[in-house]
Amino acid sequence: AIPVTLKSDQEPAIIALLEEVVRRRGNVQTFIEHSPVGESKSNGVAERRVQSIEGQVRILKLALEARIQVPIPDQHPILIWLAKFAATQLNKCEVGKDGRTASERLRGKAGAILGIEFGERVLFRRKHIGTRLAKLTSVWSEGVYVGRKASSGESFVATASGVIRTRTLQRKPAEQRWSCLVYPSAPADE
């Protein structure tokens, strides 16, 4: 393993996490640096990334509010999904000085973008429910697109009964894509 330096602010939870990383790395050289209290500027690149994500969240929230024509309260659970979506979009779309995205640097290839907007009403393919005769019923249901899991390519869709994962989505006609149909709860894995 390669020696690394981990840098953070002096927040107790982060310090505990870094100490656990050092412990798990065993005899491999792992250095911890802390920025001075109240001096977020000394975390440079990380602070710039936080600013980028905050800006992207702000833009996406305003865009969604304009689309559904309903203000979204600052404490609403959909904003957790929005923050995850914003970070994913930046990882897959923001090109660095080296001409590659963060996703390309990590995986060695460009990340796929679906072209579906956050909060857009979609049709998703669900599993058959019930007996063998249930195969005659439609396997398409309606929900609201709230993101994609990068590691598996599954999409997250909010429904009246919660957020589900699916591999197959279909866009609705343009005039049916936007309404205040479903507001998802917070991610279960968070």
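Anything mentioned here points back to the structure above.
It should be emphasised that the depicted structure is a prediction, and the values quoted were computed from it without experimental measurement.

Some remarks on helix H3 (residues 78–93)
Across its 16 residues, H3 extends 22 Å between first and last C-alpha, which sits within 8% of the 22 Å expected from 1.5 Å per residue. Along H3, the residues that are buried comprise Ile 78, Leu 79, Trp 81, Leu 82, Phe 85, Ala 86, Leu 90 and Lys 92.

What about the pairing of strand E1 (residues 4–8)?
Sheet topology note: the E1/strand E2 (residues 30–34) ladder contains five bridges and is parallel. Its bridge partner being in E2, Lys 7 is matched across the sheet by Glu 33. With respect to chirality, the unit in which E1 leads through helix H1 (residues 12–25) into the neighbouring parallel E2 is right-handed.

Comments concerning the sheet that holds strand E4 (residues 140–148)
Strand order across the open sheet formed by five strands is E6-E5-E4-E3-E7, with antiparallel pairing between neighbours. At either margin of the open sheet sits one strand with a lone partner, and together these are strand E6 (162–166) and strand E7 (169–171). Neighbouring strand axes in the sheet, compared pairwise and without regard to direction, differ in orientation by 50 degrees on average. One ladder, built from three bridges, connects strand E3 (residues 121–125) with E7; its direction is antiparallel. The residue of E7 that forms the bridge with Leu 123 is Gln 170. Where H3 meets the sheet, its contacts fall on E4, strand E5 (155–159) and E6, and the angle it forms with E4 comes to roughly 60 degrees.

Some details on the layout of surface pockets
Rolled over the atoms, a probe as big as a water molecule pinpoints where empty space is left. Put simply, the largest pocket is a space of about 250 Å³. Considering the residues around the largest pocket, the lining is formed by Val 45, Arg 48, Arg 49, Ser 52, Leu 90, Asn 91, Glu 94, Gly 96, Ala 102 and Arg 105. The set of elements that each furnish at least two residues to the lining of the largest pocket consists of helix H2 (44–68), H3 and helix H4 (102–107). By residue number, the principal contributor to the lining of the largest pocket is H2, which donates four residues. In terms of residue class, the lining of the largest pocket is built from three nonpolar, three polar and four charged.

What about the pattern of salt bridges?
Here the structure, examined in full by the defined rule, presents eleven salt bridges. A salt bridge links Glu 20 to Arg 23; its shortest N-O distance comes to 2.6 Å. Taken together, the positions of Glu 20 and Arg 23, both in helix H1 and three residues apart, correspond to about one turn of that helix. In this structure, Arg 177 and Glu 120 form a salt bridge, with 3.6 Å as the shortest nitrogen-oxygen distance. Here Arg 177 is found in the segment after E7, whereas its partner Glu 120 is found in the loop between H4 and E3, with 57 residues between them in sequence. On the basis of relative accessible area, Glu 120 is assigned to the buried category, the value being 0%. Overlapping salt bridges bring together Glu 20, Arg 23 and Arg 24 as one network.

How each quantity is defined
- Residues numbered from 1 in each chain as written.
- Predicted model: local features only at pLDDT ≥ 70, side-chain atom pairs only at ≥ 80, totals over all residues.
- Heavy atoms only, no water.
- Helix = DSSP H or I, 4+ residues; strand = E, 2+ residues; numbered from the N terminus.
- Expected span 1.5 Å × (residues − 1).
- Buried < 20%, exposed > 50% of the residue type's maximum accessible area, 1.4 Å probe, protein only.
- Pairing = 2+ DSSP bridges.
- Right-handed = clockwise from strand over helix to strand, strands pointing away.
- Axes fitted to C-alpha atoms, helices over the stretch in contact; angles between N-to-C directions.
- Contact = heavy atoms within 4.5 Å.
- 1 Å grid on protein atoms, 1.4 Å probe; cavity = no way out; pocket = protein on both sides within 12 Å on 5 of 7 lines; lining within 4 Å.
- Points joined across faces, edges and corners; volume = space filled by probe spheres on them.
- Nonpolar A, V, L, I, M, F, W, Y, C, P; charged D, E, K, R; others polar.
- Salt bridge = Lys/Arg side-chain N within 4 Å of Asp/Glu carboxyl O.

Everything listed is a geometric property; what it means functionally is a separate question.
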